[in-house]
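# Examination of the molecular architecture
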Amino acid sequence: MKNTFIAKLMSSRAGMAALALRIPVGIIFIAHGAQKLFGAFGGYGIEGTGQWMASIGLEPGYTLALMAGSAEFFGGIALLLGLLTRPAAAILAVTMIVAIFSVHISNGLFMANNGYEYALALLAVSASLMFSGAGALSVDSHLATRFSK
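In short, a report on the structure.

What counts as what
- Residues numbered from 1 in each chain as written.
- Predicted model: local features only at pLDDT ≥ 70, side-chain atom pairs only at ≥ 80, totals over all residues.
- Heavy atoms only, no water.
- Helix = DSSP H or I, 4+ residues; strand = E, 2+ residues; numbered from the N terminus.
- Rg over C-alpha atoms; globule rule 2.2 N^0.38 Å.
- Buried < 20%, exposed > 50% of the residue type's maximum accessible area, 1.4 Å probe, protein only.
- Contact = heavy atoms within 4.5 Å.
- Areas by Shrake-Rupley, 256 points an atom, 1.4 Å probe, with all protein chains shown as cover.
- Lys, Arg positive; Asp, Glu negative; His and termini not counted.
- Charge placed at Lys NZ, Arg CZ, Asp CG, Glu CD.
- Core = buried A, V, L, I, M, F, W, Y, C linked by side-chain atoms within 4.5 Å.
- 1 Å grid on protein atoms, 1.4 Å probe; cavity = no way out; pocket = protein on both sides within 12 Å on 5 of 7 lines; lining within 4 Å.
- Points joined across faces, edges and corners; volume = space filled by probe spheres on them.
- Nonpolar A, V, L, I, M, F, W, Y, C, P; charged D, E, K, R; others polar.
- Phe/Tyr/Trp six-rings, centres within 6.5 Å; stacked < 30°, edge-to-face > 60°.

Here the focus is the overall build of the protein. Check the secondary structure of the protein and you find seven helices and zero strands. Mapped from its N terminus to its C terminus, the protein presents α and β elements in the order α-α-α-α-α-α-α. A globule of 149 residues ought to have a C-alpha radius of gyration of about 15 Å, and the protein, at 16 Å, matches this closely. For the protein, the spread of C-alpha atoms along the three principal axes comes to 50 × 30 × 25 Å. With 149 residues in all, the protein has 39% of them scored as buried. Within the protein, counting contacts between residues at least 6 apart in sequence, those at least 24 apart form 67% of the total. About 8,100 Å² of surface is accessible on the protein, with carbon and sulfur atoms providing 70% of the total. Taking the 8 positively charged and 5 negatively charged side chains of the protein as two groups, their mean positions are separated by 26 Å.

Now for the nonpolar core. Ranked by internal contacts, the top residues of the largest apolar core, which has 15 residues, are Val25, Phe29, Leu79, Met96, Leu122, Leu123 and Leu129. When contributions to this core are tallied by element, the ones reaching two or more residues are α2 (15-38), α5 (85-104) and α6 (117-132). Take this core: its biggest share by element is six residues, from α5. The residues touching Leu123, leaving out its near neighbours within four places in the chain, are Ala93, Met96, Ile97 and Ile100.

Moving on, we come to the layout of surface pockets. The calculated volume of the largest pocket comes to roughly 850 Å³. In terms of lining residues, the largest pocket is bounded by 30 residues, among which Lys36, Trp52, Glu72, Ala99 and His104 are the most central. Sorting the residues of the lining of the largest pocket by element identifies α2, α3 (45-55), α4 (61-81), α5 and α6 as the ones contributing at least two each. When residues in the lining of the largest pocket are grouped by element, the largest group, nine residues, is from α5. Classifying every residue of the lining of the largest pocket gives 18 nonpolar, 10 polar and two charged.

We now examine the packing of aromatic side chains. All told, the structure shown has two aromatic pairs when counted by the stated rule. Centroid distance Phe38 to Phe73: 5.2 Å. Interplanar angle 85°. Geometry classified as edge-to-face. Residue Phe38 is found in helix α2, and its partner Phe73 is found in helix α4; the two are separated by 35 residues along the sequence. Assessed through its relative accessible area of 16%, Phe73 is described here as buried. With a centroid separation of 5.1 Å and an interplanar angle of 85°, the aromatic rings of Phe73 and Phe74 are classed as edge-to-face. Taken together, the ring pairs connect Phe38, Phe73 and Phe74 into an aromatic cluster.

What follows is the structure in structure tokens.
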């Protein structure tokens, strides 16, 4: 069955380079999402994260914490697997833009001052994967091959 939209969405000529980005950044996003959603790895969980977001003016805090945590956790899983990589990377890029401008920008560049350098690096990787696709050894690559036949 030929479905050109799905084949184009999931196709990629990025080779192994995208895999080198997907694996570590996917793990990072999963961990940060787990902090927000479940309180794992020293995080505050959905309630605590929601209260913190509300305290800095991001309302409704609980809903935005749920959205950010879900984007990071499930988007990270998608990157790790290379499944729907382009849409997941786009959502993660938007999440990082919000993090940069709502939390980190006023602190300058450097992480030592809670600056935006780390979120900027994650934004760059997310944007790269959004444009390049998942590359080799991905579910997307397998599905693109199936849908292009």
